[in-house]
Amino acid sequence: MFKVSDEMRLWATRLAEEVASWPNVTSRPMFGMIAFYRAKTVFAALPVTRTFPTRNSIVFKFNRDTAETRKAREALAVSEEDITPAISWLDLAYRSAASPSRRRR
């Protein structure tokens, strides 16, 4: 795991404030990051002190590959001036966490 850059720490703070305001979202610390859950399903992690695979990474979890997630991957572009694409990715992961077709274990 890598130490988080100062710029990423600022971004992650702004993103965490947004995500924490969404319905049914809880969070808890995890390995130098803050993990976000929708109900009991983790859907993202934002860096606090550590991250991977790079110093400027955030983590998303998609429960299944869909046309929407494939299209989002093709359009991935995050600007240092605009966190809107990151919020869109977080929203997609959030919605995926509530997917009724998700397998229960």
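Residues numbered from 1 in each chain as written. Predicted model: local features only at pLDDT ≥ 70, side-chain atom pairs only at ≥ 80, totals over all residues. Heavy atoms only, no water.

Novice: Residues and numbers for the pairing of strand S4 (residues 41–47), please.
Specialist: Of all seven residues in S4, six are buried; the element is thus mostly enclosed. The pairing of strand S3 (residues 33–38) with S4 spans six bridges and is classified as antiparallel. Its bridge partner being in S4, Phe36 is matched across the sheet by Ala44. Between S3 and S4, which pair antiparallel in sequence order, lie two residues; one of them, Ala39, sits at a positive phi of approximately 60 degrees. (Buried < 20%, exposed > 50% of the residue type's maximum accessible area, 1.4 Å probe, protein only. Helix = DSSP H or I, 4+ residues; strand = E, 2+ residues; numbered from the N terminus. Pairing = 2+ DSSP bridges.)

Novice: Can you break down the packing of aromatic side chains residue by residue, with the values?
Specialist: In total, this model carries three aromatic pairs according to the counting rule given. Pairing Phe60 with Trp89 gives two aromatic rings, centres 5.6 Å apart and planes at 40 degrees, and the pair type is tilted. In this pair, Phe60 is assigned in strand S6 (residues 59–60) and Trp89 in helix H3 (residues 84–97), connecting sequence segments 29 residues apart. The exposure class assigned to Trp89 is buried, which follows from its relative accessible area of 10%. A connected cluster of aromatic rings, assembled from ring pairs, spans Trp22, Phe43 and Tyr94. A cation sits over an aromatic face here: Arg28 above Tyr37, 4.3 Å from the ring centre. (Phe/Tyr/Trp six-rings, centres within 6.5 Å; stacked < 30°, edge-to-face > 60°. Lys NZ or Arg CZ within 6 Å of the ring centre and 35° of its normal.)

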